[in-house]
Amino acid sequence: PSQLVQDARRHGVEVRPVDATTSDWECTLEPSLSSPGRGNGGADRGVRPAVRLGFLVVHGLSEEGAKRIVGARKRQPFQSTENLAHRAALDRRDLKCLAAAGALEALSGHRRYAYWEVAGIETGAPVLHGAPVAETRPSLFAPSEGETLVADYASTGLTLGRHPLALLRPRLSRLRFATADELKRLPGGARARAAGIVTGRQRPGTASGTVFVTLEDETGYINVIVCDKQKH
């Protein structure tokens, strides 16, 4: 999913996050005003739709719980995270999964606020079901860009923020590491340094120990051939 989303965004497709007030179980298409769609021959054909990520990308979230969210939402919009939890009959695990994925942002705010609210929701058969609780909301700082990125990958396996290598690029540039885009412009035989997330690794049985590795950075893909010196 991460590779598909990164490639789609590089080609101008808008991808929107998982949202408990909007998402279905599967990923869906939504109207978008961000970029024009193109038909055959490059002619504009209205507006290219945006992709809304579905609940299925949230690690640990039950399909049954997600479908109860969708059903309850169709009857009436959610007023709060607590309202969602009770109307969709979510257990503690599903609530924590939604908070971790940032799917409660429209109802609770950033992840730390979502975690706080989820922690205070009674599940199962609370003693005072539906009774309002007057509590002062704490002042919590929003997660940093790096913390958000780590949480994205941990909870959904992808991020809609900047690519992880983009955060490291200033340091990598000082160490003279080239981007995938820069490597394409180098002459054949030139020495180069590159870094990226390993997205593919193949060791064909007929390749005599050779390993083919695909790296991904914020500008594209880098194909690397690693040879076993003992066999070459």
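Residues numbered from 1 in each chain as written. Predicted model: local features only at pLDDT ≥ 70, side-chain atom pairs only at ≥ 80, totals over all residues. Heavy atoms only, no water.

S.K.: So what about the environment of R68? Which residues, and what values?
M.R.: Mapped onto the elements of the fold, R68 is located in helix 2 (residues 63–75). In the structure, R68 is positioned 17 residues away from A85 in sequence and 10.0 Å away in space, judged by C-alpha atoms. The contact partners of R68, leaving out residues within four places of it in the chain, are A88, A89 and L90. Within polar-contact distance, the side chain of R68 engages the backbone oxygen of A89 at 3.1 Å. (Helix = DSSP H or I, 4+ residues; strand = E, 2+ residues; numbered from the N terminus. Contact = heavy atoms within 4.5 Å. Polar contact = N/O pair within 3.5 Å; in protein donor to acceptor, adjacent residues only side chain to side chain.)

S.K.: Hey, could you go over the packing of aromatic side chains for me, with residue numbers and the actual values?
M.R.: Think of a pair of aromatic rings as described by two things: how far the centres are apart, and how the planes are tilted against each other in angle. Summed over the entire model, instances satisfying the criterion amount to zero aromatic pairs. Across the ring face of Y221, the terminal group of R10 is positioned such that the distance to the ring centre comes to 5.1 Å. (Phe/Tyr/Trp six-rings, centres within 6.5 Å; stacked < 30°, edge-to-face > 60°. Lys NZ or Arg CZ within 6 Å of the ring centre and 35° of its normal.)

S.K.: I'd like a description of the pairing of strand 8 (residues 220–226), backed by residues and values.
M.R.: The pairing of strand 7 (residues 211–217) with strand 8 spans seven bridges and is classified as antiparallel. Bridging from a neighbouring strand, L215 pairs with I222 of strand 8. Taking the residues between adjacent antiparallel strands as the criterion, strand 7 and strand 8 are bridged by two residues. (Pairing = 2+ DSSP bridges.)

S.K.: Can you explain unusual backbone geometry? Please cite residues and give values.
M.R.: Backbone geometry at A89 places phi at a positive 50°, although glycine is not the residue there. With respect to the helices, strands and loops of the structure, A89 is situated in the loop between helix 3 (81–87) and helix 4 (92–100). Of note in this structure, R176 is not a glycine but carries a positive phi near 65°. With respect to the element layout, R176 can be found in the loop between helix 8 (164–174) and helix 9 (180–183).

S.K.: An account of the nonpolar core is needed here, citing residue identities and associated values.
M.R.: With 31 residues, the main nonpolar core has F55, I69, L84 and L98 as its most contacted residues. At the level of elements, helix 2, helix 3, helix 4 and helix 6 (111–119) are the ones that each hand at least two residues to this core. Ignoring any residue separated from it by four or fewer positions in sequence, one finds F55 in contact with V18, D19, A20, S23, D24, W25, L61, A66, I69, V70, R73 and L98. Counting residues in each nonpolar core, the second largest holds five residues, with A180, V211, V213 and I222 among its members. (Core = buried A, V, L, I, M, F, W, Y, C linked by side-chain atoms within 4.5 Å. Buried < 20%, exposed > 50% of the residue type's maximum accessible area, 1.4 Å probe, protein only.)

S.K.: A description of the layout of surface pockets should follow, citing residues and the corresponding values.
M.R.: Put simply, the second largest pocket is a space of about 390 Å³. As for the second largest pocket, its lining consists of 25 residues, and the residues nearest its centre are P17, A101, G102, E105 and D152. The greatest single-element share of the lining of the second largest pocket, amounting to three residues, is contributed by helix 7 (residues 145–156). Split by residue class, the lining of the second largest pocket holds 13 nonpolar, seven polar and five charged. (1 Å grid on protein atoms, 1.4 Å probe; cavity = no way out; pocket = protein on both sides within 12 Å on 5 of 7 lines; lining within 4 Å. Points joined across faces, edges and corners; volume = space filled by probe spheres on them. Nonpolar A, V, L, I, M, F, W, Y, C, P; charged D, E, K, R; others polar.)

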